[in-house]
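Architecture at a glance
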Amino acid sequence: MEELIRKAGVLMEALPYIKRFANKTIVIKYGGNAMVEEHLKRGFAKDIVLLKYIGLNPVVVHGGGPQIGRVLEAMGKETNFVQGMRVTDAETMDVVEMVLGGKVNKEIVANINSHDGKAVGLSGKDGRLIVARKLEVKALNPDTLTSEIIDVGMVGEVEQINPDIINALEDSGFIPVIAPVGVGLDGETYNINADLVAGRIAGALRAEKLILLTDIEGVKDKSGRLISTIDINKAPDLINDGTISGGMIPKINCCCDAVSEGVHKAHIIDGRVEHACLLEMFTDKGIGTAVGRFA
Ligand SMILES: Nc1ncnc2c1ncn2[C@@H]1O[C@H](COP(=O)(O)OP(=O)(O)O)[C@@H](O)[C@H]1O
Ligand SMILES: CC(=O)N[C@@H](CCC(=O)OP(=O)(O)O)C(=O)O
């Protein structure tokens, strides 16, 4: 009996959040590093289905960097990163589109649907959801100490999000699952960092929340302790003083951009924790790092 009462208590803790988030859109970025063990993949799919059944509108944007890397390696093709972006020649672009839009996207769709969700896979080409242009990456040349443009190939940045297709799917009870492949004005294909796509989609949808699932507990301070909240005005200091580096920089920047565009809060959480999304959304304490306006 005690165990049953404890379970009821857990449900009651969730009640104010279920009420607050009813009919709200939640954009969840599912990183390639978080798609590891089978039980975690199933747990993620079940979380998404539960969110939909209790009246929220989850939108999934996925990555797949490690999965792309494995295929390129099997082909014997070298891959390089500049400022966290994969240098993408024509052959690499084909692999990226096949892996993200094909295998990875369909695996997530199938997993959600096997738990009675109604997921539909999309890339940025569908309904011209993600219109992109070539990304210009500037870096300092150590010899001349001048800033130079580095050609990273078909890497794109988001020019515009056309959310009509997402709204149409949501209205019909479907769960959009989006691969971060963009389309240019002339129909060309672009490879875009999945965090950046998730942030821009959350902004365009005026989502209640953006959740980035990654492979670390959240943002940590210099002594390795988790920082549970970051005000968007304080984030640049954490980058400038070196607390935040590497792959965490685009994450925090896209969280800040999303909040500036009207998203209420963005969260960076550990996708290796089972049911991470539910723990973040429906418990008082939450997990990971929340980015918002706290001042
Ligand atoms: N202050 C910080 N707190 C947490 N992680 C950080 C920090 N600074 C840099 N990182 C690095 O950022 C990584 C997350 O970025 P990334 O590997 O690109 O994630 P994903 O593959 O999920 O997109 C962490 O694993 C960690 O190595
Ligand atoms: C331009 C660029 O780097 N694109 C990424 C797209 C996938 C991605 O972002 O995947 P994760 O979220 O799993 O890292 C790539 O090619 O790896």
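Refer to the preceding data block for the structure.
The paragraphs below set out a description of the structure included in this document. If you're wondering where the values come from, they're calculated on a predicted model, not measured in any experiment.

1. Looking at the packing of aromatic side chains
Taken as a whole and judged by the stated rule, the model has three aromatic pairs. Each ring, one from Tyr17 and one from Phe21, has its centre 6.3 Å from the other, and the planes form 35°; the classification is tilted. Here Tyr17 pairs with Phe21, and both are found in helix H1 (residues 2-21), just four residues apart, close to one helical turn. Assigned by exposure class, Tyr17 and Phe21 land together as buried. Linked through ring pairs, Tyr17, Phe21 and Phe282 together constitute an aromatic cluster. The residue whose ring lies beneath Lys118 is Phe174, and the NZ or CZ to ring-centre distance is 4.5 Å.

2. Things to note about H1
Between its terminal C-alpha atoms H1 stretches 29 Å, which fits the 28 Å expected from 20 residues at 1.5 Å a residue. At Leu15, H1 shows its strongest bend, of approximately 35°, with the proline Pro16 following within four residues. Burial in H1 covers these residues: Ala14, Tyr17 and Phe21. In this structure, the buried side of H1 is in contact with strand S13 (209-214) and helix H9 (276-282).

So, how was this worked out
- Residues numbered from 1 in each chain as written.
- Chains lettered and ligands numbered in written order.
- Predicted model: local features only at pLDDT ≥ 70, side-chain atom pairs only at ≥ 80, totals over all residues.
- Heavy atoms only, no water.
- Phe/Tyr/Trp six-rings, centres within 6.5 Å; stacked < 30°, edge-to-face > 60°.
- Helix = DSSP H or I, 4+ residues; strand = E, 2+ residues; numbered from the N terminus.
- Buried < 20%, exposed > 50% of the residue type's maximum accessible area, 1.4 Å probe, protein only.
- Lys NZ or Arg CZ within 6 Å of the ring centre and 35° of its normal.
- Expected span 1.5 Å × (residues − 1).
- Bend = angle between axes of the 7 residues up to and from the residue.
- Contact = heavy atoms within 4.5 Å.

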